[in-house]
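Coordinates in review
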Amino acid sequence: PKNSYRWAIKIAAPADERRFVWGDLYFAQSLADALESLGQTVAIDFLGAHDRSTGYLDDINLDIRGLTPFNPKEGKINLLWVISHPDDVTPRMVQSFQKVYSAGKPWAEYISNLSGKSVDLLPQCTDTTIFHPDSIDKEFKDKVLFVGSSRNIARPIVIDSINAGIDLSVYGGGWESLIDMKYL
């Protein structure tokens, strides 16, 4: 069996300067780094490059599901990992991939029942080469941290945490007009 594959990670972020405000970029880059450390070859395809002319070279297409769907390619291994916008994913889309993963268990169960295809839980991960404490600062030991941009909306998980009285620290852009500065 072949030990090394060429992966194409498909993300919805645009290739221009706007990509730097999309979490998809950093998530895909960390995943690519991890795969490359295992001897894999990886390309990250931004919005508009999902059907690039050199796609025939790829063995595995991994759609990190964001705002834009990817159409699986015949003769390739096509994987779908739904980490955001699950309401935009239809049963037909799920059925078109060889394997589908969900970052959330309730949606995995829901779409499995709806589509008739088994969807497995695969939670989002943290890149420990970026997020690692050199030492534990007692001031932050018991704090809850949210890492992510606001997307220009008051994201429910952040607002619900604040309303529940959780001592939350928010790391990311676009929050200044949405939450009290003490959380940033």
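Since the model is a prediction, treat every value here as computed from it, not as a measurement.

**Remarks on the sheet that holds strand β6 (residues 119-121)**
The parallel open sheet is built from six strands, whose spatial order is β2-β1-β3-β4-β5-β6. Of all the strands in the sheet, the pair left with one neighbour each is β2 (41-47) and β6. Across the sheet, the mean angle from the axis of one strand to that of its neighbour is 25°, orientation sign disregarded. As defined by bridge partners, strand β1 (residues 6-14) adjoins strand β3 (residues 60-65) across four bridges and the pair is classed as parallel. In the sheet register, A8 faces β3, and the bridge partner there is N61.

**What to know about the nonpolar core**
Within soluble globular proteins, side chains that are nonpolar tend to cluster in buried spots. Core analysis: the biggest nonpolar cluster contains 18 residues, and W7, I9, I11, L31, L62, I64 and W81 have the highest contact counts within it. The dominant element in this core, judged by the number of residues it contributes, is helix α1 (residues 23-37), at six residues. Not counting residues up to four positions away in its chain, the partners in contact with L31 are I9, L62, I64 and W81. Listed in part, the 11 residues of the second largest apolar core include V82, V89, A108 and V119.

**What about helix α3 (residues 105-115)?**
Considered for burial, the residues of α3 that qualify are W107, A108, I111, S112 and S115. Summarising the axial view, the buried residues of α3 lie within an arc of 130°, below the 170-degree limit, and thus occupy one face. Exposed and facing more than 90 degrees away from the buried side of α3 are K105, P106 and N113. At its buried positions, α3 is contacted by β4 (77-82), α2 (91-95), β5 (99-102) and β6. Among the residues trailing α3, G116 stands out with phi positive, at a value near 75°.

**Examining the pairing of β1**
Burial analysis of β1 places eight of its nine residues in the buried class, the great majority of the element. The pairing of β1 with β2 spans six bridges and is parallel. Its bridge partner being in β2, I9 is matched across the sheet by I44. For the segment spanning β1, α1 and β2, crossover handedness is right-handed.

The rules behind the values
Residues numbered from 1 in each chain as written. Predicted model: local features only at pLDDT ≥ 70, side-chain atom pairs only at ≥ 80, totals over all residues. Heavy atoms only, no water. Pairing = 2+ DSSP bridges. Helix = DSSP H or I, 4+ residues; strand = E, 2+ residues; numbered from the N terminus. Axes fitted to C-alpha atoms, helices over the stretch in contact; angles between N-to-C directions. Core = buried A, V, L, I, M, F, W, Y, C linked by side-chain atoms within 4.5 Å. Buried < 20%, exposed > 50% of the residue type's maximum accessible area, 1.4 Å probe, protein only. Contact = heavy atoms within 4.5 Å. Arc of directions from axis to C-beta. Right-handed = clockwise from strand over helix to strand, strands pointing away.

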